[in-house]
Structure formats: C-alpha cells, structure tokens
Amino acid sequence: MTAQERLGEEPTRAARLLVVEDEEKVAAALRKGLERDGYEVVVEGTGEDAYFRLGKEGFDAVVLDLNLPGRDGLEVLTTMRQQGLDTPVLVLTARDSLDDRVVGLDAGADDYLVKPFAFAELLARIRAVARRGRGAEPGEITVESLSIDHSTRRADRAGQPLELTAKEFDLLYYLALHVGQVVSRDTLAREVWRDTARSTTLDNVIDVHISRLRRKVDQHHPVRLIQTVRGVGFALREDSE
Ligand code: CA
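Residues numbered from 1 in each chain as written. Predicted model: local features only at pLDDT ≥ 70, side-chain atom pairs only at ≥ 80, totals over all residues. Heavy atoms only, no water.

Peer 1: Explain the sheet that holds strand 4 (residues 89-93) to me, using residue names and the numbers behind them.
Peer 2: Reading across from one edge, 2-1-3-4-5 is the order of the 5 strands in this open sheet, with parallel pairing throughout. On the outer flanks of this sheet lie strand 2 (40-44) and strand 5 (111-114), each paired with one strand and no other. Averaged over all adjacent pairs, the angle separating strand axes in this sheet is 20°, with direction ignored. Here 5 bridges tie strand 1 (residues 16-20) to strand 2, and the two strands are oriented parallel to one another. Looking across to strand 2, one finds that arginine 16 is bridged to glutamate 40. Seen against the sheet, helix 4 (residues 73-82) touches strand 3 (61-65) and strand 4 and runs at an angle of roughly 145° to strand 3. (Pairing = 2+ DSSP bridges. Helix = DSSP H or I, 4+ residues; strand = E, 2+ residues; numbered from the N terminus. Axes fitted to C-alpha atoms, helices over the stretch in contact; angles between N-to-C directions. Contact = heavy atoms within 4.5 Å.)

Okay, here's the thing in structure tokens:
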C-alpha cells in the first residue's frame with residue numbers, strides 16, 4: 001500500500017527520487033525505506049551514471065551522497081546547476097564539517113543531512129525539499145511588456161492577451177522561469193514535455209512550438225523576446241541588438 005492510499009488520497013503519480021550512493025548496503029536500505037513510503041526510487045552508484053540519468057529522466061528530488069568514487073557528489077551538483085537543472089537536491093555527507101555544508105549549499109544543494117541519520121529525519125527532509133522545488137515557482141512573471149500568470153495560466157504582451165495552447169503556455173512559463181538563460185532542447189524535452197524515456201528526438205516538435213510561440217509573443221512588437229541561440233537552444237530575453 002502506498003503512502004497516498006494509506007491516507008485515502010487520490011492516487012497520483014508517485015514522486016520519483018534519484019538516490020546516488022555507492023555503498024550497496026546503504027543504497028539498498030534507502031531504496032527499501034523510501035519505496036515503503038510510496039516513492040518511486042532509482043539508484044545510481046557513481047556520479048557519472050547519476051549525471052547521465054539526470055540528463056534524460058525527470059525526478060522530483062535527488063538524494064546525493066557527497067562521497068562517491070570518481071566524479072564526486074559535489075561535482076555532480078555543480079554541473080547540474082551550471083546546466084540549469086534545478087531538481088531539488090538533498091546532500092548526504094559523512095563528513096560533519098562546516099566546510100562541507102557551506103560548500104554543498106553554495107554549490108546549489110537545497111538541504112543536507114549528516115550520516116548517520118534517523119530514517120524519519122531523511123523522509124521529513126525529502127518531503128520538504130521536494131515541496132520547496134514545486135512551491136518556489138513564482139505565480140507571476142514579467143519580462144519587458146510580457147506578463148505571465150501561472151495561477152490563471154494566462155499571458156499577455158503589452159496588455160493584449162495571448163492565445164496560447166497548454167503546451168505553449170508551459171513552454172513560455174519555463175523559459176520565463178529561466179529568463180536570460182539559454183535552455184537546451186534536451187532540457188525542454190525533459191522539463192516541459194516530461195519525456196523520460198525518449199525513443200525519438202523531440203527536437204522538431206520543440207522547434208515547431210517555439211516558432212508558434214515566437215509568432216504569438218513577438219509579432220508586431222519592436223522588442224523580440226524569444227531568442228534562438230544557434231547550436232545551443234533558446235532563451236527568453238530582450239533582444240540585445
Ligand atoms: Ca559513499
């Protein structure tokens with residue numbers, strides 16, 4: 001029985017966690033406990049494998065051991081954040097030093113837990129970081145004369161409502177959340193299309209949506225907001241020319 005069924009709630013998609021831990025016994029215990037709490041759990045034992053997995057599948061949170069062979073947890077975390085991957089991360093560290101905590105939080109961890117820890121504490125922290133990941137998204141975003149309201153799912157440009165499909169809205173909102181940053185097609189496939197097991201590339205689908213969105217957002221406006229960065233991806237920002 002899942003946590004949701006026990007609580008009598010509508011069964012929804014189980015939250016997916018990526019556990020990155022090289023010690024097999026610890027990883028197995030984490031998997032068992034988290035699955036018992038209703039999570040869908042994927043375990044990776046190295047930083048390389050974790051990073052590869054994060055590049056192609058969506059997760060609600062990552063439980064990341066800092067002490068890994070090869071590419072360590074801190075490197076995985078730093079690279080994730082540099083690539084604009086903002087999945088909440090709970091860092092596990094055996095090293096109870098202030099330095100580790102500061103470095104981990106500076107590198108973009110949402111929280112950390114020092115080993116050994118009580119399982120109930122781990123569950124509480126995971127719940128908190130996963131919720132923060134969703135709750136931290138702003139309801140209203142304004143860029144130049146474009147405004148986007150997530151609660152009503154409406155957008156307008158210079159006061160004129162934009163007629164957007166659901167997917168076009170999601171795409172615009174994601175770009176606006178990362179305003180000024182270049183977002184790759186792979187990131188859009190994962191974060192907007194929620195495509196976790198891609199057999200064929202979504203690049204053409206994404207390009208079509210971008211060009212429709214650009215027509216709706218930028219046509220007849222002197223400032224172009226939806227930018228293509230050749231060979232890299234797209235960005236929502238004011239035209240620099
Ligand atoms: Ca370890």
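Peer 1: How would you sum up helix 4? Please name residues and give values.
Peer 2: Every α-helix winds through 3.6 residues per turn, so residues three or four apart in the chain are directed the same way. Along helix 4, the residues classified as buried are Gly73, Val76, Leu77, Thr79 and Met80. The arc that holds every buried residue of helix 4, seen down its axis, measures 165°, which confines them to one face. A side-chain oxygen of the first residue of helix 4 lies 3.2 Å from the backbone nitrogen of leucine 74; this N-cap is aspartate 72. Backbone geometry just downstream of helix 4 places glycine 84 in the positive-phi region, at approximately 80°. (Buried < 20%, exposed > 50% of the residue type's maximum accessible area, 1.4 Å probe, protein only. Arc of directions from axis to C-beta. Polar contact = N/O pair within 3.5 Å; in protein donor to acceptor, adjacent residues only side chain to side chain.)

Peer 1: Can you break down the sheet that holds strand 7 (residues 146-149) residue by residue, with the values?
Peer 2: If you walk across this open sheet you meet the 4 strands as 6-7-8-9, and the pairing is antiparallel. In this open sheet, the two strands that pair with only one neighbour each are strand 6 (140-143) and strand 9 (160-161). Sheet topology note: the strand 6/strand 7 ladder contains 4 bridges and is antiparallel. When the sheet's bridge partners are listed, threonine 142 is paired in strand 7 with serine 147. Across the sheet, helix 7 (residues 166-177) is in contact with strand 6, strand 7 and strand 8 (154-157); its angle to strand 7 comes to roughly 110°.

By themselves, these observations are geometric and do not establish any function.
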